[in-house]
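# Observations on chain architecture
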2 protein chains.
Amino acid sequence: MSENEKPKVHTLSKDEGLTNGGNNVSSNVSDEMTEKFDLATVYVSDAQYNRNSVFDTSPQTVRLYLLYNHWFMQTLVYVFIIVNLALALFEDPAVVPLPIWLSFIDLTIYGALKSTGYFAIRWSRVLRPLLLVNVTEGRQLRRAFRSIRNALPQIAYVFLLFMFSVLVFSLVALKLFGKRGLLTIDGSPYFTDYVDIVFDLYVLVTTANSPDVMMPAYNYSDSFTIFFILYIVINIYTFMSFFLAVVYSNYKKHLKEEVRQLVKARRFKMCRAFSLLQEARGEGGEPVVTQAKWNHLVKLVKPNISIAHRELLWSVLDDQNKGHIGKFAFVQLADLLSIQVITVKSQPHPIHICFPSMYNSPVSRFIRYVVHHRMFVHVYDLIILVNAVFIGLDEENPVVSNAEWGFLVLYMLEIILKLYATEPRAFFARHHFWNWFDTIIIVSALFGTIINSALKHSGGYTGRQILDIVFILRVLRLIRLVDTIKRFRAIINTLIKIGPTILTFGQLIVVVYYIFAMVGMELFKGKVQFFEPNSTSPDQEYCGNPLLKGTTFAKLNYCKNNFNNVVSSFIVLLELTVVNQWHVLTSGFTAVTHISARIFFILFHIVVVIIIINIFVAFILEAFLVEYTVDKSDLQTSLEKKIEELELNVQQDGVDTGLVDAMESNDNELGPSEAAKQKPSLMFKIASRRSRTVDGLLQRMFETEIHPEDFEEEEPENINFSNPVFDS
Amino acid sequence: MSENEKPKVHTLSKDEGLTNGGNNVSSNVSDEMTEKFDLATVYVSDAQYNRNSVFDTSPQTVRLYLLYNHWFMQTLVYVFIIVNLALALFEDPAVVPLPIWLSFIDLTIYGALKSTGYFAIRWSRVLRPLLLVNVTEGRQLRRAFRSIRNALPQIAYVFLLFMFSVLVFSLVALKLFGKRGLLTIDGSPYFTDYVDIVFDLYVLVTTANSPDVMMPAYNYSDSFTIFFILYIVINIYTFMSFFLAVVYSNYKKHLKEEVRQLVKARRFKMCRAFSLLQEARGEGGEPVVTQAKWNHLVKLVKPNISIAHRELLWSVLDDQNKGHIGKFAFVQLADLLSIQVITVKSQPHPIHICFPSMYNSPVSRFIRYVVHHRMFVHVYDLIILVNAVFIGLDEENPVVSNAEWGFLVLYMLEIILKLYATEPRAFFARHHFWNWFDTIIIVSALFGTIINSALKHSGGYTGRQILDIVFILRVLRLIRLVDTIKRFRAIINTLIKIGPTILTFGQLIVVVYYIFAMVGMELFKGKVQFFEPNSTSPDQEYCGNPLLKGTTFAKLNYCKNNFNNVVSSFIVLLELTVVNQWHVLTSGFTAVTHISARIFFILFHIVVVIIIINIFVAFILEAFLVEYTVDKSDLQTSLEKKIEELELNVQQDGVDTGLVDAMESNDNELGPSEAAKQKPSLMFKIASRRSRTVDGLLQRMFETEIHPEDFEEEEPENINFSNPVFDS
């Protein structure tokens, strides 16, 4: 992709090598050099993105590998994965049935099998999401799966002990309550069958049948509650906390170990890249890399890097201005590249350029002063609060609906004023989340309201879709209130920082849900029917399945909780994750199939509620603790120090929150008009969002632990740690 | 209490002082010396038990303080607290109504107030449990309360943001669903009133009304589930995890700080004690304490310490055998005393002494060999498994009931054989939990079964109480199976170690429950009536209150869930803690009183589920992580090292569990008969149970951090950290 750039860069010595310390420059860039640069580029970008693929170092392979790592190819892979997963929407049972010719091949194979008498279940669908896990880009997800796999033995032992406890309690329950002739609320015998007792007590662990399962015994005698209190304390609280503790400590341990390995592998790759480009030029004859080669390499690795940014990086590495850097400095390149640096250019306002006299007139100055004043923010907070009350009122009242226009005008005015007072490119800088948020919400609301009233006046239109969107947009405006309270902003920022971690978890849960949805659809599709509310079918009362007659499932009108397509399957699984009424859903689906269907639901509970949700809590706990307890100064990179040293940093309001320091600078309040006077025209800002994820933090933590001296040239001991999970 | 011991101990120099380095011995122990020893004793025992009372150092006060710290006085305090708290059982509404003359005084005051027209609520009852918090011994509890108080501001901010989120979601719900004319399952309008929506969505956070609250919207349109999915992800999972993270990180931070302060205060007290007893005798003239004085002090502090144990402690401190110790060694005494050391005396079996030839006969040897063989344990595991099956069978079957006698005989035989093969005092050593467990269970079961069958044969007796106990004892026998699987034993041992921490939490929950129970009784007593199941009263259907007619509360027969006495109040509060059907209970009690009663239940949810339960999970997490991640070798005390050095340690089977090392030695399998040959007759073993609680571990962790050099003589900077919580 960057072959044609080569002649432009600093020319390089042809016989570049370890022993060559000379400065002889040749304008002929040899193929060998190109190949070396290609390979070095691969090493550096692998190091930067923590890729651990093993590849052949021959020039052709390297070029193919570079192609494979191109963003287009990677996007293609994701598109294929999404298409593959989305097939579930169109396959039988389908949300959107496909035209028959598209499903033809699938149908012929499946149909052929079925017609020849084979019992065909498309189990391949269950395994589909594993593609997401096994692709190179599923690193984070793979790591999460590995953490789970590594924690499994420990979880299994605690789970077995927990099950032992449930079995023993069930035996006591059988002996205590079985012969007393007690009845449950629906008149069936209470605690007489051992297997049912075990199931009921397992359900109690999910808390879904509390306190109903206790009531018959409690009504009989107060002292029987001791049994249930012990059960709740031991099996709900102690064991469930224990599961969290096991998951959390294992997750932490394995994550640390993996990150340690990653850091080692990254060092190793950077050393490889260094040895490709090195030349012996230092004082003691130690190998170094020249600035020219380094510049060329950086351009190859990150083609769209700005010159200012590249120069900043070089000045960080070559802090003594020697013109070349040693191995220790070179190795840091991968880390530096993965830190997002925002280049803030302090430019004059376009109106200032076009109409300087107008922009600097007293009126204009006063407007800018007002907009940047603290009271401006407070006045708009008040407006939002008043708006909140109006939203709560009945919108059919003409006063309310007219007021809405007033609010819209006020909000538009705010944005226009801010754009007048602040340089538009600075206002819409990528990291100014709230500016983007405001503008999008307000402009959409404006359009929505206009379209809605136009349709209304043209008459006839009664659909509420657009109105719904307008209402939601109106309410979303209120969220901006959060931003004006410092403490809230800090919490929100912590949540935003935890975001990437939650996304990894989101992928994990999609994979697990998908597998369970596929199995659930095979087991339960069509067993429970949903009838539209205005349907007059007599089957509606028992969800179209006589087996459900009189069940709580049908009584509570749960007919739409079924596995008839992938969307409703996901919703049922979400309900099962929230756990409440777990036993009602379970008994509904066992009623229409077989008692053994309980296994599916228990398995789902174990996998999702006991393991995955605890992993999620562990994620959040760890992210929060790292955010909260790790000393910030330890993590300030050399880059940040350099930026500060050069006085090129964008001033951030020190939001002393106690939770985290604020991520967003308060540019709303401090416009560039005053600030620009003293500041240089080009400034940098570390986009902390990405570099301070849990992984990033852990990596930096371990990097301080691993001594810079021991750069091993050997392969890291455990090179196969990045292999997909499911092949061993 | 030990004044009369004084003449017996090593005599001490009369003019003991800093400048006196001589060895002149006087047999006259002066009053001054006694007073000094009293004061030193107070300092050491305060250091040992982490007491931080400020007291006058005058001799009289010190003697009174010693009396106050006597175990009898402390027990008395606890008895008073329990009696005070137990008053709730007898007061109106009472579980056991007291004879009128006992409640006379209470009644006169309360009655007088009431008859003179004052509205009398005995709010003092609500404050009663605070006595438990404020007493000197409630240290742990106070610390927990302080942790909560310190975490409150942070929790409050997250809670406010969470409530903001609930309010915004409610507004969206009102706008989206309010005008659609949807109906809930019981026919009432769906999401039309803002306050009700907020309540319903708050209930959804407790998960108690999932998925019912979603069903009308879901039945109307699939896309409405997006609203609920977002709500569940944000408000249930993210915010609830966030609460845990905030509670956990604050709990950890404050606990560490407190322990650091405790360690400092302890050092300070030991230094005080040292300066009272020191004399300048070291090489450089530095102050030391002689063995004689030390012995006397230890006897005063711990009167029932064995001579062997005392000598072991001295040998740890005076490891160069100088006959005196410096300040550094002296300060360690408090820590050493708080480590429980079990003195294991290897004695010959009593039968061996009485009938040596019989005990050493080939048959006897063979029996002992068999009992100590691994197969013996396995055979009994098998017997227990078979027993488990028999317990599950119908006990009215004569085969089963006769088999029970067989099992009892087998278990008795096991205990007798073990007692024959193992020295009885070693068998019943305090730390052999499972031996005690077995013996108590089996002997009780034997007596129970005999009494039961005797009563049965004498005819007429149909009560099931004894039979119930016998059944429970039978099932409890099965628990022993856990002990034979190493991994399970390790988990159980971790649980046992976490035990003391859980007990502190138990006190905390009792205090909070008590307060809520008292308030609940004032608010709801007598509002919901329970009728015995065989009652024929027509009021039974609606719990004696017409307001409950047709409510889910009455339909589910929740009449016994009421606040009519303190026991049922506690049970209702437990049900509210488990959260399921939270809204049914809440709506029941609001139906019989007023809608504002919701405040009581929401407050309970915030305090118990959001704060207290998270504290509990934090407790367990921290205890588990400390158990699991702290390097064991760091924590091995000098005492353990010394015991190992002297080769006086009891061999423990290295149960390599990965979770924790096993607490109990496998004496069952390794009898003393073989082992005694090589071992010395007196051995020590660290009872790890107590010294490895979270506090103990944290203390040791911080002790390594605080350098031994900086023994400040000054008061620790923040001396008032131990003051009761509620006075500031």
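Residues numbered from 1 in each chain as written. Chains lettered and ligands numbered in written order. Predicted model: local features only at pLDDT ≥ 70, side-chain atom pairs only at ≥ 80, totals over all residues. Heavy atoms only, no water.

Scanning chain A from N- to C-terminus turns up 33 helices and five strands. Residue burial in chain A is summarised as follows: out of 728 residues, 52% are buried. Across chain A, every contact between residues at least 6 apart in sequence was considered, and the portion connecting residues at least 24 apart equals 75%. (Helix = DSSP H or I, 4+ residues; strand = E, 2+ residues; numbered from the N terminus. Buried < 20%, exposed > 50% of the residue type's maximum accessible area, 1.4 Å probe, protein only. Contact = heavy atoms within 4.5 Å.)

This part is about the side chain of B:Asn561. Secondary-structure assignment places B:Asn561 in the loop between α25 (552–555) and α26 (566–578). A distance of 3.2 Å separates polar atoms of two side chains, one belonging to B:Asn561 and the other to B:Glu575. (Polar contact = N/O pair within 3.5 Å; in protein donor to acceptor, adjacent residues only side chain to side chain.)

Residue and element names in this part refer to chain A. Interaxial distance between helix α8 (residues 194–205) and helix α27 (residues 582–592) falls to 10 Å at its minimum, and their mutual angle equals 140 degrees. Between α8 and α27, the angle is such that the two are oblique. On the side of α8, the interface is formed by Phe199, Tyr202 and Val203, while α27 contributes Trp582, His583 and Thr586. (Axes fitted to C-alpha atoms, helices over the stretch in contact; angles between N-to-C directions. Parallel < 35°, antiparallel > 145°, perpendicular 65-115°, else oblique.)

Contacts between the two partners involve 94 residues from chain B, matched on the other side by 94 residues from chain A. The residue A:Asp468 makes a salt bridge to B:Arg180 at a minimum N-O spacing of 2.8 Å. Inspection of the chain B/chain A interface yields 22 residue pairs in polar contact (both at pLDDT 80 or more). Ranked by residue count, the leading element in the side of chain B that touches chain A is helix α10 (residues 225–277) of chain B, at 15 residues. (Salt bridge = Lys/Arg side-chain N within 4 Å of Asp/Glu carboxyl O.)

Residues and elements named next belong to chain A. Ordered in space as β1-β2-β3, the three strands form an open sheet in which the pairing is antiparallel. In this open sheet, the two edge strands, each paired with only one partner strand, are β1 (279–280) and β3 (324–325). Relative to β3, strand β2 (residues 287–290) runs antiparallel, the two sharing two bridges. Each residue of the ladder has a partner; that of Thr290, found in β3, is His324. (Pairing = 2+ DSSP bridges.)

The next point concerns the relation of the copies chain B and chain A. Turning one copy of the chain about an axis and sliding it along that axis gives the other copy, so a rotation and a shift relate them. When chain B is fitted to chain A, the best match, at an RMSD of 0.2 Å, comes from turning it 180 degrees and sliding it 0.0 Å along the axis. Expressed as an axis order, the relation between the two copies is that of a two-fold axis. Minimal C-alpha separation from the rotation axis in chain B is found for B:Asn580, amounting to 3.6 Å. Of the interface residues in chain B, 100% have counterparts in chain A that sit at the interface too, so the contact is made through matching surfaces. (Least-squares fit on C-alpha atoms with pLDDT ≥ 70 in both.)

This brings us to the state of the cysteines. By definition, a disulfide links the sulfur atoms of two cysteine residues through a covalent bond. All names here are of chain A. All told, the structure shown has two disulfides over all chains when counted by the stated rule. Paired by a disulfide, Cys543 and Cys559 hold their sulfur atoms 2.1 Å apart. Torsion about the S-S bond of the Cys543 and Cys559 cystine: about -70 degrees, corresponding to left-handed handedness. Separated by 16 residues along the polypeptide, Cys543 in the loop between α24 (486–524) and α25 (552–555) and Cys559 in the loop between α25 and α26 (566–578) bring together distant segments of the chain. Overall, the relative accessible area of 2% leaves Cys559 in the buried class. (Disulfide = S-S within 2.5 Å.)

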